[in-house]
Structures are given as C-alpha cells and as structure tokens.
Amino acid sequence: RSKSTTIRMLLTLIEPTGGEINIFEQKLSTHRSEILKRVGAVIEKPDLYKYLSAYDNLSIFARMSGVKVTRDLLMKQLQMVGLADRATSKVRTFSQGMKQRLGIAVALVHNPALIILDEPTNHLDVEMIEWLEDYLSAQKVTLLLVTHDRYFLDEVCDKIIEIDNYSMHEYKGNFQYYMEKKAER
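Residues numbered from 1 in each chain as written. Predicted model: local features only at pLDDT ≥ 70, side-chain atom pairs only at ≥ 80, totals over all residues. Heavy atoms only, no water.

1. Some words on the pattern of salt bridges
Close approach of charged atoms allows side chains of opposite charge to pair.
Right, so step 1: Scanning all chains against the criterion turns up six salt bridges.
Right, so step 2: Two residues, Asp125 and Arg101, come together in a salt bridge whose shortest N-O distance is 2.9 Å. With a gap of 24 residues between them, Asp125 in the loop between strand S4 (114-118) and helix H6 (126-138) and Arg101 in helix H5 (residues 96-108) connect regions that are remote in the sequence.
Right, so step 3: By relative accessible area, Asp125 is classed as partly exposed at 39%.
Right, so step 4: Accessibility expressed as a relative area gives 13% for Arg101, which makes it buried.
Right, so step 5: For the salt bridge of Glu162 with Lys182, the shortest nitrogen-to-oxygen distance reads 2.8 Å. Here Glu162, found in strand S6 (residues 160-164), pairs with Lys182, found in helix H8 (residues 175-184); they are 20 residues apart in sequence, far enough to count as distant.
Right, so step 6: By relative accessible area, Lys182 is classed as partly exposed at 33%. (Salt bridge = Lys/Arg side-chain N within 4 Å of Asp/Glu carboxyl O. Helix = DSSP H or I, 4+ residues; strand = E, 2+ residues; numbered from the N terminus. Buried < 20%, exposed > 50% of the residue type's maximum accessible area, 1.4 Å probe, protein only.)

2. Comments concerning the sheet that holds strand S3 (residues 39-42)
Right, so step 1: With parallel pairing, three strands are arranged side by side in an open sheet as S3-S4-S5. Whereas interior strands pair on both sides, the edge strands pair on one side only; in this sheet they are S3 and strand S5 (142-146). Across this sheet, the average inter-strand angle for adjacent strands is 10°, counted without regard to direction.
Right, so step 2: On the sheet, H5 packs against S3 and S4 and is oriented at approximately 170° with respect to S3. (Pairing = 2+ DSSP bridges. Axes fitted to C-alpha atoms, helices over the stretch in contact; angles between N-to-C directions. Contact = heavy atoms within 4.5 Å.)

Everything listed is a geometric property; what it means functionally is a separate question.
The following block contains the structure:
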C-alpha cells in the first residue's frame, strides 16, 4: 500500500478496505472527531480556501480543531511561519512555498499530539526548513513523516519505525542510525 493511502486512511479521507485503525489507544471509526482534534496534518499540497485570506483560512481551520480563536493567536501563528505581512492576502496569490507555510501553520495551530507531514520541505526555502526542524525538534509529539529529505529526518527524528512488507521495525536514533542498523539487518 502507498504511504499517501495510509495517511489518507489515518485522516479518515478514505476508508480502509479491512482491519481497524487505533490512534491514541482509541478506535478511529468510533472516536473520529475526538482523535482528529489532536492531529495536525499537511498532506501533499495543503488544501486551502484559495479565495480567502491566509488569516481567514487559519481562523476556519483553528475553529474546526476546537481552538479558542483570538486575533493574537492567529497573527502569532502567521508570524511563526513568516506570513504575518500577508495575513490579508488571498491564498490564490500565494506561491506554492507560501501555501506550504500556511498549511504548516494550520497543522500546528492547535498544538497537536500527532503531527502528520507528507513531504513537508517541498517548496520551502532554507530559512523555513531550518525553522521547521528547530520547531519539531523542540516538541514532545509523535511525528509521522513521509519525506525524501534525509537531512531533515536526521535533524528531527530520534526514533524511526519502518513499515516493510506488513512488518514494523523500530530504530531508536536519527536517520543515520536507522540506515546503519537497517544495513546490519
């Protein structure tokens, strides 16, 4: 199965053809809303309302996540990802990198316990990638990352779980450690 399909199932965008998904020790099919309020995600290209401003997009998604929305909170979040000066700009005027930044702000606005990022460094400049590395490294959260950026993995991960042919292999260390131990396996 593909990585994107797995992520889509975890976010209830598609239904699994069999089995059961448990997140936070709860069954996703019966505790969907409760679970998803604790999850932040950016999958492939962020799905945003292109005719609304960055501020309005963030406000809508924050409310959907159960966050008590204040102007200060939203502006702080936009500042965090370098978009405060474009808060009132329509998303349709944004570059792909700016949309990615806004998608990251949306994913993080409610301080999720599980962050799912599908190719998070795509379209980002070096400054934003370094900020994201620092931010994620400082958090005490579970990250589910799909990325080809090995340096990024090395910087933000301290444990890697590989899923290979329906088997899971756990490695306590960064990406370099994972590569060394996988070669020994």
